[in-house]
Amino acid sequence: MTTSTCEAATSATADPRNPEREECAASYEAHVNPQWVRLMKLLDMDAEYVSCVRETLHTRDGRKILDFLSGYCVYNTGHNHPAIVGALHRELDRSGPLMLQSHISATAGELAERLLRLADASGKRHLGKVYFSTSGAEGVETAIKFSRAHTGRSGLLAARGAFHGLTCGALALMDSGFWSDGFGAMIPGVEFVDFGDLGQLERQLATRRHAALILEPIQGEAGIVLPPAGFLEAAQALCRRYGTVFVLDEVQTGLGRTGRPLAGHHFGLEPDMVILAKALSGGLVPVGAVLMTDVIYESVYPSLRRAIVHTSTYSENGLAMRAGLATLDVIEDEALAGRALSLGEAFRERLRERLARFEMVREVRGLGFFSGIVFAPPRALALRLSFEAFARVHPAMFGQMLVMRLYREHGILTQICGNNFLVLKAAPPLTASEAALDAFVDAMESVMEYVHSSLSFWTDALHLAARAVRI
Ligand SMILES: Cc1ncc(COP(=O)(O)O)c(C=O)c1O
């Protein structure tokens, strides 16, 4: 089968069955990731999507799914935003130097300028340089190398529960063995503090052995964890006192997601480095960016001899730069950060009202369109026994049952957090309609009603466990 057969297979819409697509899916199962196929089938989420627009995913069999996952915060501007798609078409039509390597990229210069302006809430322009990557993890690797070069120290400090990506350096900054087990030793010299514990942080920083403190301003995969009041501001001040580079990983929280251009803006922060990726792509061409002070940059590239000492083939790719520029245009023109700020707060308030009566809902928290619904084990004996039994089968079982039911019965796509299975994420595109937000609230109430009042939720979970063993 040719690539074009697969393209035709996913674009045709007339036939509810699609043998060509099934053949492509079988190739995926044979040659890409069979376990992923098993998981999608187990969760009944192996739909064929024929078109994705704003927050709505259209399946071949005629269903409409509302996307509240946004590709883990990639789709801040919604799926296939016409302005970004149009800008990419025009860039391709120019037949310009997209991957030349031996030239000075004007679009990279323009995007760097725009990103530095976006980050500069105080007007002090304390950040002056940008390194472009193609993923969030590569941005984290960049922060590790640059902070080491700048300080001459090799230690690194991160927060427990963090998610920073799955390359060896980024993975070393994560204390969850789930992601690192089986891959051997990660980079040495990493230590962890509890997110929010200033005492621990100061004791570590005072040793002056750490090149950088790397934090998500709001921890995403840990369960949409907001920092305690004053923590990030004090962490920044401590970093300055002990000569440690203060790095914000805004790969999920950046670019309007939390209701400000960067989440750090909520706290008036001036980090030494900011890592961006995901949403900068417009969901179309992978791109990341690491913003930093001039002095940090210059410690890596101090002379002509070292002009290319840290680089990567796809850094500054012309299409990626264009996607970034067009994405920033959309975020600014449609005032998406402000929209997320006001609608997000009202959304969480409605969720809190409608879910307050359920004993298993502990809290609804978040900022902007970055929300988490936090569950607690049930107190009622009958529910508790079932809950504990399923947690023993797999700790993510309860959350995955909610995800599955939201998807199957209510046409809502979301996920539980990667490092905290008792938190369900709600992170729709920042362009999502108010009707979609209402649909999520209705669906969530209905699912919780079902969990609390019907034994069949727990019976379904039992069947899922049995299928997981069989498939
Ligand atoms: C906060 C954070 N940092 C870094 C990463 C890694 O990004 P990527 O998957 O693009 O390597 C992620 C990915 O989810 C993330 O959430």
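Preceding this paragraph is the structure being described.
Each residue is numbered by its place in its chain's sequence as written, counting from 1. Per-residue local features of the predicted model are confined to residues with pLDDT of at least 70, and side-chain atom pairs are confined, for both listing and counting, to 80 or more; whole-chain, interface and lining totals are unaffected and use all residues. The side-chain figures draw on all heavy atoms in the structure; neither hydrogens nor water molecules are used.

## Considerations on the site of the ligand
Next up, step 1: Taken together, S135, G136, A137, F163, H164, G165, E216, D249, V251, Q252 and K278 make up the full set of residues adjacent to the ligand.
Next up, step 2: One nitrogen or oxygen atom from the main chain of G136 is found 2.8 Å from an oxygen atom belonging to the ligand.
Next up, step 3: Any N or O atom pair separated by 3.5 Å or less is treated as a polar contact, with the protein-specific requirement of one donor-capable and one acceptor-capable atom, and with residues adjacent in sequence counted only for side-chain atom pairs. D249 is positioned such that a nitrogen or oxygen atom in its side chain is 2.7 Å from a nitrogen atom of the ligand.
Next up, step 4: Each accessible area is a Shrake-Rupley estimate made with a 1.4 Å probe; only the visible protein chains count as cover when residues are assessed. Contact with the protein chains hides 82% of the accessible area of the ligand, taken as 390 Å² for the molecule alone. Nearness is defined per residue: one heavy atom within 4 Å of the molecule or strand is enough.

## Remarks on the pattern of salt bridges
Next up, step 1: By definition, a salt bridge exists where a carboxyl oxygen of Asp or Glu is found within 4 Å of a side-chain nitrogen of Lys or Arg. One pass over the structure, following the stated rule, counts 28 salt bridges.
Next up, step 2: Measuring nitrogen to oxygen at the nearest pair gives 2.9 Å for the salt bridge that ties R160 to D194. Linking R160 in the loop between β5 (155-159) and α8 (168-172) with D194 in the loop between β6 (190-193) and α10 (198-205), this pair joins segments that are 34 residues apart in sequence.
Next up, step 3: Residue classification places R160 among the partly exposed residues on the basis of a relative accessible area of 36%.
Next up, step 4: Note that D438 is salt-bridged to R350, the shortest N-O span being 2.9 Å. Taken together, the positions of D438 in helix α17 (residues 434-453) and R350 in helix α14 (residues 336-355) put the pair 88 residues apart, joining distant regions of the chain.
Next up, step 5: Remark: exposure states derive from per-residue accessible area (1.4 Å probe, protein chains only) relative to the maximum for the residue type, with buried under 20%, exposed over 50%, and partly exposed in between. D438 sits in the partly exposed class, given a relative accessible area of 35%.
Next up, step 6: A relative accessible area of 27% places R350 in the partly exposed class.
Next up, step 7: The network of salt bridges with shared partners includes R354, R357, D442, E445 and E449. Each helix is a run of H or I in the DSSP string that is no shorter than four residues. Each strand is a run of E no shorter than two, and both are numbered from the N terminus.

## Here we look at a nonpolar patch on the surface
Next up, step 1: Nonpolar side chains collect at one region of the surface, where Y28, V32, W36 and L39 lie side by side and expose about 370 Å² of accessible area between them.
Next up, step 2: For V32, the position within the fold is in the loop between α2 (19-31) and α3 (34-42).
Next up, step 3: Owing to a relative accessible area of 55%, V32 belongs among the exposed residues under this scheme. Think of a patch as exposed residues, more than 30% relative accessible area, with no salt bridge, where like charges cluster within 9 Å and nonpolar side chains (Val, Leu, Ile, Met, Phe, Trp, Tyr) cluster within 5 Å.

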